[in-house]
Amino acid sequence: MRKFCTFTIGDVRFGVDVLKVLAILNQVEIIRVPLANRTIAGLIQYRGQIITVIDLRRKFEFPDRKNENFFHAIVKTKRGIISLLVDQVDEIEEITQNTRVEMSKSIHGIDSFFISYTYRFDDYVLLILDVDKIVETKSEVFT
Amino acid sequence: MQEELKIFINESYESLNSLDKELISLGKNPENTEILSTIHAHYQTFLESSKFLHFPKLESLTHIGERLSNHLIQSDFEINSEVITTLMKLNTAIREIIFTIDETGKEPSHVNASIINDIEEVIAKSEASVTDISESSDFLLGGVPQGGLASETDIMDRFMGIAIEMIHAREALHRFYLKFKDISYYQLITRFSLLISDLYDQVRQSRNQTVGSLVMNLDKIMKDEARARGKSVALRIIGKDKELDSRMMEGLRICLIQLVKNAVEHGIEDPDERIAEDKSPDGAITVECSYKGELFHALITDDGRGFQADAIRKRLVDKGLMMTEEVSQISDEEIIQYIFKDGYCGLNESGHFIGGKPTGLDIVKAKIESMGGAVYLQSNLPGKGCEIHITLPMINAIVPVISVVFGKERYAIAKVHLYEILQLDSDTLLRNVEILHGHSVFTLRGKKIPLLYMKQILKYEDPEARDKEKNLIVNMVILETDGIKFGLVADLVHDMEEAVIRPLNTQISGIYLFSGVTILQDEKPALILDVAEIRRRHLNNPELLMAISEEQEEKGIVAT
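Since the model is a prediction, treat every value here as computed from it, not as a measurement.

**With respect to the overall build of chain A**
Point 1. In terms of helices and strands, chain A carries two helices and 13 strands.
Point 2. Across chain A, contacts joining residues at least 24 apart in sequence account for 54% of those joining residues at least 6 apart.
Point 3. In the form shown here, chain A has an accessible surface area of approximately 7,400 Å², with 45% of it arising from carbon and sulfur atoms.

Below you can see the structure in the form of structure tokens.
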């Protein structure tokens, strides 16, 4: 049995292994970083550390959110701790049955590079994020 | 000698740990020649020191490591799990010898020589170019045995994290005191903050290394290089007491070795040539380390022949890196920076590696930038030598900063760059601004000072800028870097405070505007503006700089 912290962006549901999720925060002031890649929303302070905030909407090329309602999912990656901006945080999903499927090239327009695998349910698909891949691609910097 | 031995042992443990890490990452990215070059440089350093200290057994082991890594760089032999495992075994063997030296001061009487045969075999195989790709792919994804000291570094990292949080707590406590000014707390708070400062200094020092630890190594390599080329060169190192995070010092060492070797090989002329040019027959290389606010600064100068802009242009074209029309459009000042370009060094005209390996100045640039620093060639006088500057962030140092506000944003500036803070109404500003060589220049007490606006460097329009035009007060900080003063116009300037400097997060480390990040009093992060780099990018018009410096000199004469 594995447990996943689940959240939504638009109408797509994502999951991250609970062991990799350190905290869920909202209402933290984000410090913008000029000239950074547009997927980088900025920096926040988390327990004395300064961590990078990545907007998953922009990372996955969703339209920008129209309101200020979002959450920070603080996750551990092999390149340190980062925050992922998501629209809504849902419950912890316990998965017992074996419904795991490898992902095809893309689903809901999301590059399969960032997805470890998926779980198919009757009415939806849960995409399990590979958080290490999110930080892998180098930021493009405009100079 | 005892002291040297101690340094050597400590450095050896450090470099074995980083070797282990590099090997693991090489296992994951077998194609990455940069990692391979770093590994090679480690073995080279090891070899030099073991020769120097007369440890023949250690020398034979490190020599074989140096040979294998050099071999791997030069051949396109596939790096498979066997190579990595063999090199890991070699590290274990080296670690055992170091351990014995640490305990007894001598090498062990018996060393397992089978590892040498193993490596000879790998070299023989690679020469036969037998490639076995099948094994390499999934290697090292599982757990990797870690050396005992790696975990010690982790513990030090955690200590550092806690110490930084304590510094923040101390600042908060101090603000609390200022608010209530209750004298009965005063002594307690003072005592508490001194203790925290002491603890912080101790933790930081245990993670830092001094420049002095590089001296022996660098001097030895330089002398060998000079002797091999029949040149006579003296190396002078200034600022031996300056400290840097030990991991950065390791990176700096690799770069300095490369730069010093390069200076001996290409910069310093043969003794006869030097005499003919009316120079002393002995060349001189100086490495000068200092602190410049939030940055560690190393200046490498030599009195050799310097770089010839046209020779660099020719080489760029010859190597197919750029087109003839392209290079002719770039000024001499800019073209010399291309010595750090990928592929500029390495193969010479006949297709052989210079100095036996393809590590060149591009490696120096890559290494320094990966540590969040910058490297550039500043003044280059053909025939008189050159000056190479390296700047590295001094992570975890406590530095006084001021902060400037623009719209809703706030940025920190190290206080060393601050010359003056001005507050004036917008009419006065307008009256005293003129355009000189395309730049806004402000006249302050008869001196001309170029101006930069926050929106110009951040490439950002403040959405509330229109309302602010009614606001008649303008705040300006006059900053000074490389002997040039310039004004930065902001909305507000905040008071000085003490801040702990952190390196830029990897995702944003390539942005030239910033040299680091910090957490300010209100516990929110702030980016630290890289004043020197901003000046280089935005105020580099030679005519403008000339006009200002003439102006400043003139005033200087009047004043005296």
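**Quick notes on the overall build of chain B**
Point 1. Helix and strand counts for chain B come out as 19 helices and 18 strands.
Point 2. Looking at chain B as a whole, 50% of its 560 residues qualify as buried.
Point 3. Counted over contacts in chain B with a minimum sequence separation of 6, partners at least 24 positions apart contribute 70%.

**Some points on the sheet that holds strand β8 (residues 88-95) of chain A**
Residue and element names in this part refer to chain A.
Point 1. Strand order in the open sheet formed by six strands is β8-β1-β2-β13-β12-β9, with mixed pairing between adjacent strands. One side of each edge strand has no neighbouring strand; the edge strands of this open sheet are β8 and β9 (100-101).
Point 2. Across two bridges, β9 lies against strand β12 (residues 115-120) in antiparallel orientation. Looking at the pairing, Arg100 lines up with Tyr119 of β12.

**Focus on the pairing of strand β1 (residues 2-9) of chain A**
Point 1. Among the eight residues in β1 of chain A, six count as buried, and that is most of the element.
Point 2. The hairpin turn running from β1 of chain A into strand β2 (residues 12-17) of chain A, its antiparallel successor, is two residues long, and Gly10 of chain A in that turn takes a positive phi close to 60°.

**Let's talk about a nonpolar patch on the surface**
Point 1. A surface patch of nonpolar side chains, about 340 Å² in accessible area, is lined by Phe176, Phe180 and Tyr185 of chain B.
Point 2. Note that Phe176 of chain B resides in helix α6 (residues 148-180).

**So, the pattern of salt bridges**
All names here are of chain A.
Point 1. The full count for this structure, using the stated rule, is 33 salt bridges over all chains.
Point 2. In this structure, the salt-bridge partner of Asp64 is Arg58, at a minimum N-O distance of 2.7 Å.
Point 3. A relative accessible area of 35% places Asp64 in the partly exposed class.
Point 4. For Arg58, a relative accessible area of 26% corresponds to the partly exposed category.
Point 5. Of the charged contacts, one joins Asp87 and Arg65 as a salt bridge, the two residues approaching to 3.1 Å between their closest N and O atoms. Within this pair, whereas Asp87 is found in the loop between β7 (80-86) and β8, its partner Arg65 is found in the loop between α1 (56-59) and β6 (71-77), the two being separated by 22 residues in sequence.

**Observations regarding the packing of aromatic side chains**
Point 1. Counted by the stated rule, this structure contains ten aromatic pairs over all chains.
Point 2. The rings of Phe7, Phe14, Phe60, Phe113 and Phe114 of chain A are connected pair by pair, giving a single aromatic cluster.
Point 3. Between the NZ or CZ atom of Lys242 of chain B and the centre of the ring of Tyr291 of chain B, over which it lies, the distance is 5.6 Å.
Point 4. The ring of Tyr512 of chain B has Arg537 of chain B sitting right over it, with the charged end atom 4.3 Å from the ring centre.

**Some words on the sheet that holds strand β5 (residues 49-55) of chain A**
Whenever strands of a sheet pair, they do so through backbone hydrogen bonds, lying parallel or antiparallel.
Residue and element names in this part refer to chain A.
Point 1. The five strands lie next to each other as β3-β6-β7-β5-β4, forming an open sheet whose pairing is mixed. Because the sheet does not close on itself, it has two edges, and the strands there are β3 (21-25) and β4 (40-46). Strand after strand, the sheet turns through a mean of 30° between neighbouring axes, direction not considered.
Point 2. Sheet topology places β6 next to β7; seven bridges connect them, and they run antiparallel. Of the residues in β7, the one forming a bridge with Thr77 is Gly80.

**Section: the side chain of Glu48 of chain B**
Residues and elements named next belong to chain B.
Point 1. Mapping Glu48 onto the fold places it in helix α2 (residues 33-52).
Point 2. Salt bridges are absent for the buried Glu48, whose nearest opposite-charge side chain, Lys220, sits at 4.3 Å.
Point 3. Not counting residues up to four positions away in its chain, the partners in contact with Glu48 are Lys220, Ile221 and Asp224.

**Structural notes on the nonpolar core**
All names here are of chain B.
Point 1. Counting 60 residues, the largest nonpolar core has Leu252, Ile285, Phe296, Ile390 and Leu392 as its most contacted members.
Point 2. For this core, the element with the most residues is helix α9 (residues 246-267), which contributes ten residues.
Point 3. With sequence-adjacent residues up to four places away left out, Ile390 is seen in contact with Leu252, Leu259, Phe296, His297, Ala298, Ile300, Ile368, Ala374 and Val375.

**Details of the interface of chain A and chain B**
Point 1. The partner chain B presents 23 residues to the 22 residues of chain A that form the contact.
Point 2. When residues of chain A are sorted by the area they lose upon contact with chain B, Arg32, Leu35 and Ile50 of chain A head the list and together hold 28% of the total.
Point 3. Where chain A packs against chain B, one counts two salt bridges.
Point 4. Ionic pairing is found between Arg32 of chain A and Glu409 of chain B, a salt bridge with its closest N-O pair at 2.4 Å.
Point 5. In this structure, the connection of chain A to chain B is made through six residue pairs in polar contact (both at pLDDT 80 or more).
Point 6. When contributions to the side of chain A that touches chain B are tallied by element, the ones reaching two or more residues are β4 and β5 of chain A.
Point 7. Looking at the side of chain A that touches chain B residue by residue, the classes come out as 13 nonpolar, six polar and three charged.

**Examining the side chain of Arg536 of chain B**
Residues and elements named next belong to chain B.
Point 1. You can see Arg536 is positioned in helix α18 (residues 531-538).
Point 2. What makes Arg536 buried here is its relative accessible area of 17%.
Point 3. Among the polar contacts listed, one links the side chain of Arg536 to the side chain of Tyr376, at a separation of 2.8 Å.
Point 4. Not counting residues up to four positions away in its chain, the partners in contact with Arg536 are Tyr376 and Asp482.

**Some points on the pairing of strand β4 (residues 283-292) of chain B**
Residues and elements named next belong to chain B.
Point 1. The pairing of strand β2 (residues 233-238) with β4 spans six bridges and is classified as parallel. Each residue of the ladder has a partner; that of Leu235, found in β4, is Ile285.
Point 2. Where β4 lies against strand β5 (residues 295-302), eight bridges are found, and the strand directions are antiparallel. Note on β5: the bridge partner recorded for Tyr291 is Phe296.

**Here's the deal with the confidence of the model for chain B**
All names here are of chain B.
Point 1. In this model, chain B carries a mean pLDDT of 78, and residues with pLDDT of at least 70 account for 86%.
Point 2. Strand β18 (residues 525-529) holds the highest mean pLDDT among the elements of chain B, 94, whereas helix α17 (residues 465-468) holds the lowest, 53.
Point 3. Every residue in residues 129-150 scores below 50 in pLDDT, and together they form 26 contacts with partners more than four places removed in sequence or on other chains.
Point 4. With pLDDT under 50 throughout, residues 346-359 is counted as low confidence; its partners more than four residues away or in other chains account for 26 contacts.

**Some words on helix α8 (residues 212-228) of chain B**
Residues and elements named next belong to chain B.
Point 1. With 17 residues, α8 should cover 24 Å at 1.5 Å per step; its first-to-last C-alpha distance of 25 Å lies within 8% of that length.
Point 2. Residues of α8 that are buried make contact with α1 (2-28), α2, β1 (208-210), β2, α9 and β4.
Point 3. Where α8 ends, the next residue or the one after it, Gly230, has phi of about 65°, a positive value.

**Details of the packing of α2 of chain B against helix α3 (residues 56-74) of chain B**
All names here are of chain B.
Point 1. In the contact formed by α2 and α3, the axes pass within 8 Å of each other and the chain directions differ by 155°. It follows that α2 is roughly antiparallel to α3 by the angle criterion. As for how α2 packs across α3, the hand of that crossing is left-handed. Counted together, Leu36, Ser37, Ile39, His40, Tyr43, Gln44, Phe46, Leu47, Ser50 and Lys51 of α2 and Leu58, Glu59, Thr62, His63, Gly65, Glu66, Ser69, Asn70, Leu72 and Ile73 of α3 form the full contact between these two elements.
Point 2. Of the residues that constitute the contact of α2 with α3, the class distribution is eight nonpolar, nine polar and three charged.

The rules we used
Residues numbered from 1 in each chain as written. Chains lettered and ligands numbered in written order. Predicted model: local features only at pLDDT ≥ 70, side-chain atom pairs only at ≥ 80, totals over all residues. Heavy atoms only, no water. Helix = DSSP H or I, 4+ residues; strand = E, 2+ residues; numbered from the N terminus. Contact = heavy atoms within 4.5 Å. Areas by Shrake-Rupley, 256 points an atom, 1.4 Å probe, with all protein chains shown as cover. Buried < 20%, exposed > 50% of the residue type's maximum accessible area, 1.4 Å probe, protein only. Pairing = 2+ DSSP bridges. Patch = residues over 30% accessible without salt bridge, like charges linked within 9 Å, V, L, I, M, F, W, Y side chains within 5 Å. Salt bridge = Lys/Arg side-chain N within 4 Å of Asp/Glu carboxyl O. Phe/Tyr/Trp six-rings, centres within 6.5 Å; stacked < 30°, edge-to-face > 60°. Lys NZ or Arg CZ within 6 Å of the ring centre and 35° of its normal. Axes fitted to C-alpha atoms, helices over the stretch in contact; angles between N-to-C directions. Lys, Arg positive; Asp, Glu negative; His and termini not counted. Core = buried A, V, L, I, M, F, W, Y, C linked by side-chain atoms within 4.5 Å. Buried area = accessible area lost by both parts, 1.4 Å probe. Polar contact = N/O pair within 3.5 Å; in protein donor to acceptor, adjacent residues only side chain to side chain. Nonpolar A, V, L, I, M, F, W, Y, C, P; charged D, E, K, R; others polar. pLDDT = per-residue confidence, 0-100. Expected span 1.5 Å × (residues − 1). Parallel < 35°, antiparallel > 145°, perpendicular 65-115°, else oblique. Left-handed = near helix turned anticlockwise from the far one by under 90°.

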